[in-house]
Amino acid sequence: MGGGGSAPAAGNAASGPNDPWVALREQASEALTHTLRSLGWTGTKEELARALEVGPEGKADLALPLFRLAKPLGRRPEELATSVAAAIPPSPAFAQVSAVGGFVNFHLEPRAFALSTLRAVLGAEEHYGEGAPKEGKVCVEHTSANPTGPLHVGRSRNTVIGDTLVRVLRAAGWKVTSQFYVDDVGRQAAMLVWIWSRAPSDWPQEIRDASQLPPDGARPKDLKADHWYGRPYPSTAAYVKEHKEAARSLADLTDRMESGALPKEEYRRVPREILEGILSSLRRMGASFDEFVWESDFLFDGSVERVAEKARTSPRYRRADDGAEAVDGSDLGLPKDSPLVYMTRSDGTFLYPIRDVAYHLQKFSRFDRVVDVLGEDHKLHARGLMALLDAAGEKRRPEVLTYGFINLPEGRMTTRGGRVVNLDQVLDEARDRAVEEVRKRRHDLAEEEVQRIAESVGSGAVRFHLLRVQPEKPIVFRWEEALSFEGKSAPFVQYAHARASSLLRKAQGSDDGPMARPAPPSAADLPPELHPKELALLRSLSELPGLVEKVSEGRSVHLLALYAHEVAERLNEFYQELRVLNSEPPVRSFRISLVAATRQVLSNVLGLIGVEPLERM
RNA sequence: GGGCCUGUAGCAUAGCCCGGAUCAUGCACCUGCCUUCUAAGCAGGAGUACUGGGGUUCGAAUCCCCACAGGCCCGCCA
């Protein structure tokens, strides 16, 4: 990979037991340490292992730049590289060690490398890429959208990033629990309870008109719950703003909810319905949650009071003249002109941030690592949370992963301005376009299978599109790009997987039945020469374990999408250039192993990014 | 006004944390390739790009400073 591809090179981080690079790095740094020491160098092997980089493909597999090392030895880098390369003893893993410029370049022995990579992949099968089990439990909270209506694509970026992070952390060896924090407290939640406590026919005229209800006021059969129950939300918000008596009755309702006078099953009914609708959309994208935590639970279990009590003894504590209580976070990056994080209103009722602290304390009591996936609009609130946690005497902090907004070409998405693109719209449109594409190429498939493939291709394309960009970059949503089925897209990867699957079906001679699992080859099975396309593919396959480790550490989930594309691309290049099924015996079985290993890696990486690997399309 | 993030070919992006070998990929554009393993593919071409200016370094897209441009935020809402 390295300079040759767009995906990242395997990092230096220690990877799991099935990483072919671990032994290679070890051998190279071992040999280099001995050689350099004999030339008067005094550093450590660890130092070298860190400096050892993955070289530009074609030039070197592993490379050590000597510029820094040459200086204290009083030698020229080029000349030092030459003597080092000449002094490295031969080994079975490396065919050649050469000096170019100031670099010492290690070139892999192709057959040994092919063998170790195929063995790693075919030996571990669906576990290839996974790291060794790690001590400790991780909580990843993501999405946590207010259940006031259908999810828009902007928010679903949170889900895609969060769900992928959950998958990759699991693969890296952590025990992971995913949580959705459900907001059923406050004005927004009360608004829905307020309007839905009456039948639509009893709603104020303005709200009915703006909600565009069907004439009979009944929910259409095919309308999802989140769309139906969320429909009056924007107009209710506007209505309450303009009608004093409505505002008063809403405030009254909020009080009754927050004081516990209203049974929680009564005010959770509508949010629960909407949440179900949202979740069914998320399931289409392969995302689900282990646990749901309802915000209102922290209202009545005494935990907020405990936080407040603790905070009152903190030097950060501030109390305004009118009784509102806050915490000072000016030293923690809160704005100098408003460094206060309020935890209670002047009437003594609790505010959202303190419930969030109670929630995080609960997380810390159960988990060793706490990760929050948040939109960049919540960055400052996260800082406020840190200040409150500090005041509450909690030393641990959540790891916050923020992502940029998804805007439309004409500007920001707004629910009230009617300028939104809902996730459901995008998924439906993607599926419809995929149906056309499948029909164009396959005339032999049953309608049911066409639909199934199209759903998977469509939702995969959407998920991939939201994932492939570095999280902190803002995205401008364009339909043509989100719904592209070629190039850097999920269908491109799924297609490669289907292609590999088809080859293997033909190789085993039956078009259906379970796929045979080829055994890892032995040295005798390998052809004497390997083709560059075969080597390039193997090189990519070998990098999954290092990548899983790197992504789980750095949380750069977009790299997984780019890696998936690279593997698929290299399979395609291999496929186009070389025959598999009708090649001569030693080559044929080797290539079948290579295809099987590629299919396995594609399947594993698609699993990591939450896209379904398709057997045919 | 202040804070955080981002700026790479016509468009969209990777590489930036941790400086290293001619800056990589996709879309769009041009030329080829389906009577042999799925053309959602492959081969080739053109295009030209690290926002601008300083600095550090043997070496800067990468680190530092300044400027400019875009995103987000600066509620006793959640």
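Residues numbered from 1 in each chain as written. Chains lettered and ligands numbered in written order. Predicted model: local features only at pLDDT ≥ 70, side-chain atom pairs only at ≥ 80, totals over all residues. Heavy atoms only, no water.

## Some details on unusual backbone geometry
What counts here: Strands here are runs of E lasting at least two residues and helices are runs of H or I lasting at least four, both read from the DSSP assignment and numbered beginning at the N terminus.
Not every positive phi belongs to a glycine, and Gln212 is a case in point at roughly 50 degrees. Within the secondary structure, Gln212 sits in the loop between helix H8 (205-211) and helix H9 (225-230).

## A short note on the sheet that holds strand E11 (residues 369-375)
Defined as follows: Pairing between strands is defined by DSSP: at least two bridges between the two strands are required. Each axis is a line fitted through C-alpha atoms, taken for helices only over the stretch in contact, and angles between the N-to-C directions span 0 to 180 degrees. What makes two residues a contact is simply this: any of their non-hydrogen atoms within 4.5 Å.
Read across the open sheet, the five strands follow the order E7-E6-E5-E11-E12; overall the sheet is parallel. Of all the strands in the sheet, the pair left with one neighbour each is strand E7 (291-294) and strand E12 (399-403). Averaged over all adjacent pairs, the angle separating strand axes in this sheet is 25 degrees, with direction ignored. As judged from the four bridges shared by strand E5 (residues 137-141) and E11, these two strands associate in the parallel manner. In the strand pairing of E11, Cys139 is matched with Val370. Packed on one face of the sheet, helix H15 (residues 352-366) meets E5, strand E6 (175-182), E7 and E11 and runs near 160 degrees to E6.

## Overview of the packing of aromatic side chains
What counts here: Stacked, tilted and edge-to-face pairs are distinguished by plane angle, under 30 degrees for stacked and over 60 for edge-to-face with tilted covering the rest, among Phe, Tyr and Trp rings (Trp via its six-membered ring) whose centres lie within 6.5 Å. Each residue gets one of three labels from its accessible area relative to the maximum for its type: buried under 20%, exposed over 50%, partly exposed in between, using a 1.4 Å probe on protein chains only.
All chains considered together, the criterion is met by 14 aromatic pairs. Measuring from centroid to centroid gives 4.9 Å for Trp196 and Trp203, while their planes differ by 80 degrees, and the two rings are edge-to-face. For the pair formed by Trp196 and Trp203, the shared burial category is buried. Ring centres of Phe289 and Phe292 lie 5.9 Å apart, and the angle between their planes is 55 degrees; this geometry places the pair in the tilted category. Judged by relative accessible area, which is 11%, Phe289 ranks as buried.

## Side note on the environment of Thr148
Considering the arrangement of structural elements, one finds Thr148 in the loop between E5 and helix H6 (153-171). Thr148 sits 372 residues away from Pro520 along the chain, and the two C-alpha atoms are 53 Å apart. Not counting residues up to four positions away in its chain, the partners in contact with Thr148 are Gln188, Leu192, Gly230, Tyr233 and Ile274.

## Some words on the domain arrangement of chain A
Cut-off, in case you're wondering: Note that the domain bounds reflect an automated or database-derived domain assignment.
Partitioning chain A into domains gives domain 1 (2-108) and domain 2 (423-609). Taking only C-alpha atoms, the centre of domain 1 and the centre of domain 2 are 32 Å apart.

## Observations regarding the nonpolar core
Selection rule: Throughout, nonpolar core names a set of buried Ala, Val, Leu, Ile, Met, Phe, Trp, Tyr and Cys residues whose side chains join them through atoms within 4.5 Å.
In this structure, Leu32, Leu62, Val140, Trp194 and Val462 are the most contacted members of the largest nonpolar core, which totals 147 residues. Broken down by element, this core gets its largest block of residues, twelve residues, from helix H24 (residues 585-609). When residues of this core are assigned to domains, at least three map to each of domain 1 (2-108) and domain 2 (423-609). Once residues within four sequence positions are removed from consideration, Trp194 is found in contact with Ile207, Thr236, Tyr239, Val240, Ala246, Ser249, Leu250 and Leu253. Among the nonpolar cores identified, the runner-up in size contains 27 residues, and Ala311, Tyr317, Val357 and Phe364 belong to it.

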